[in-house]
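Coordinate analysis (summary)
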Amino acid sequence: MQLTLLTGSAHASLAGAVAERLGLAPGDCEVQRFPDGELHVRILDSVRGHDVYLVQPTSPPVQEHLMELLLLADAALRAGAARVTAVIPYFAYARQDRRATGREPLSARLVADLLVAGGVRRVVAVDLHSLSLEGFFGVPLEHLSAVPLLAEAVRPWAGEQSVLVAPDLGAARLVDRYAHLLNLPVAIVHKARLSGEAVEAQGITGEVRDRAPIVVDDMISTGATTEAAINALLAAGSRPEVTVVATHPLLVGTAADRLRALPVRRCIVSDSVPGAAGHLLPIEVVSLAPLLAEAIDRLHHDRSLGDLIVHR
Ligand code: R5P
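So, here's what we can say about the structure.

Cut-offs applied
Residues numbered from 1 in each chain as written. Predicted model: local features only at pLDDT ≥ 70, side-chain atom pairs only at ≥ 80, totals over all residues. Heavy atoms only, no water. Helix = DSSP H or I, 4+ residues; strand = E, 2+ residues; numbered from the N terminus. Buried < 20%, exposed > 50% of the residue type's maximum accessible area, 1.4 Å probe, protein only. Polar contact = N/O pair within 3.5 Å; in protein donor to acceptor, adjacent residues only side chain to side chain. Contact = heavy atoms within 4.5 Å. Near = heavy atom within 4 Å. Nonpolar A, V, L, I, M, F, W, Y, C, P; charged D, E, K, R; others polar. Salt bridge = Lys/Arg side-chain N within 4 Å of Asp/Glu carboxyl O. Pairing = 2+ DSSP bridges. Axes fitted to C-alpha atoms, helices over the stretch in contact; angles between N-to-C directions. Parallel < 35°, antiparallel > 145°, perpendicular 65-115°, else oblique. Left-handed = near helix turned anticlockwise from the far one by under 90°.

Brief notes about unusual backbone geometry
Look at the link from P60 to P61: it is a cis peptide, with omega at -5°. In the Ramachandran plot, D210 falls in the positive-phi region, its phi being about 60° despite a non-glycine side chain. Here D210 shows up in the loop between β10 (199–205) and β11 (212–220). Phi is positive for D302, close to 55°, though the residue is something other than glycine. By the element assignment, D302 lies in the segment after α8 (289–300). The exposure class of D302 is exposed, given its relative accessible area of 63%.

Quick look at the structure:
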């Protein structure tokens with residue numbers, strides 16, 4: 001079966017780097033917008049009988065990129081693709097994996113259902129917001145971990161006086177995965193979210209005084225969580241030498257300004273979404289291309305992903 005990699009408009013450079021590692025060129029697709037705002041996609045080469053991988057993060061603008069992905073899946077299915085796998089380096093709506101109050105949708109579940117309805121028969125994702133998402137998919141979900149790649153980039157910034165910090169309880173499991181690789185102590189900031197852009201740190205569990213914090217999260221969106229955690233750490237006597245590491249650098253709105261105003265000496269992120277390197281920050285972007293290409297190659301050849309996936 002022939003392997004074909006397709007992508008929409010979300011992250012051409014990552015898709016191109018993945019394709020290059022696989023010795024391919026991304027298949028030609030057309031993505032157009034009609035005057036009324038509707039999207040139209042067309043796969044320009046035959047994919048009949050192919051093993052198709054759609055590489056597309058659902059990065060901002062989220063709705064556009066998600067819809068492109070759904071349309072590409074449907075187009076591939078209707079064009080006779082033998083198997084359609086969505087490779088989604090950043091999976092939007094993952095934070096809406098539960099109903100926080102009444103009369104809310106279970107949005108992450110709906111997005112999973114839409115992908116399957118669109119013809120996706122397997123999903124590859126990276127460092128999902130929570131492990132519970134795996135139960136939302138009626139098709140196999142391969143949950144890859146960028147932690148080993150990011151931890152290697154963190155290593156030069158990790159000294160004897162460092163402490164890994166989860167900026168909220170939700171990141172505790174993630175911080176544990178870094179601790180296992182870097183052999184460092186862990187602290188947890190207790191966070192309350194006040195609104196989409198405002199959070200409050202309400203306390204810290206663990207020793208942080210005179211230690212250089214390495215703040216670990218799955219994503220930085222507005223930067224509010226990171227900012228609140230760093231301010232709480234400084235108030236608790238941490239050294240003003242902060243490293244920040246996150247898989248998904250959405251960095252929306254004033255996020256970069258918020259981080260710039262803090263003593264962040266290094267911000268280590270992946271390229272799951274585009275654009276991080278463009279911010280005026282001491283940022284280091286680690287590419288997911290080797291991880292994604294290896295996963296696609298193994299899936300195409302029906303080989304185990306064992307060491308690439310998130311271990312609980
Ligand atoms: C929340 O549980 C996530 O893990 C992140 O901590 C959070 O969503 C980051 O968002 P922001 O940067 O807007 O605080």
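And the narrative resumes.
Re the side chain of R177
Along the chain, the position of R177 falls in helix α5 (residues 172–182). Separated by 3.0 Å, the side chains of R177 and D127 make a polar contact. Residues contacting R177, with those up to four places away along its chain left out, are D127, S145, V147, V310 and H311.

Notes on the site of the ligand
The environment of the ligand is made up of 14 residues, and the closest members are R95, D217, D218, T222 and T225. Between D168 and the ligand, the recorded distance is 3.4 Å, taken from a side-chain N or O atom to an oxygen atom. The separation between an oxygen atom of the ligand and a polar side-chain atom of T222 is 2.6 Å. For the shell around the ligand, the class distribution of residues is 3 nonpolar, 5 polar and 6 charged.

Some details on the pattern of salt bridges
Per the counting criterion, the structure on display carries 17 salt bridges. Where R98 meets D97, a salt bridge forms, and the shortest distance between an N and an O atom there is 3.1 Å. Taking relative accessible area as the criterion, D97 reaches 12% and is therefore assigned buried. For E284, the salt bridge is made with R266, and the minimal N-O distance between the two is 2.9 Å. Here R266 lies in strand β13 (residues 264–270) and E284 lies in strand β14 (residues 283–286), a separation of 18 residues in the sequence. Residue R266 is classed as partly exposed on the basis of its relative accessible area, which comes to 23%. Among the charged side chains, a network of salt bridges with common partners joins E294, D297, R298, R303 and D307.

As for the sheet that holds strand β5 (residues 83–88)
To summarise the sheet geometry, strands pair through backbone hydrogen bonds and adopt either a parallel or an antiparallel arrangement. Across the sheet, which stays open at both edges, the 5 strands sit in the order β1-β4-β5-β6-β7 with parallel pairing between neighbours. At either margin of the open sheet sits one strand with a lone partner, and together these are β1 (3–6) and β7 (141–144). Across this sheet, the average inter-strand angle for adjacent strands is 20°, counted without regard to direction.

Observations regarding the environment of L259
Looking at the secondary structure, you find L259 in helix α7 (residues 255–260). Residues L259 and I230 lie 29 residues apart in sequence; the distance between their C-alpha atoms is 9.4 Å. With residues near it in sequence (within four places) discarded, L259 still touches I220, T226, L251, V264, C267 and L281.

Notes on the packing of helix α4 (residues 147–154) against α5
Relative orientation of the contacting elements α4 and α5 amounts to 60°, with a least axis distance of 10 Å. It follows that α4 is oblique to α5 by the angle criterion. Every pair of crossing elements has a handedness; the one defined by α4 and α5 is right-handed. Along its contact with α4, which presents V147, P148, L150, A151 and V154, the element α5 presents L174, R177, Y178, L181 and L182. Looking at the contact of α4 with α5 residue by residue, the class counts come to 9 nonpolar, no polar and 1 charged.

From the geometry alone we can't say anything about function, so treat these as descriptive.
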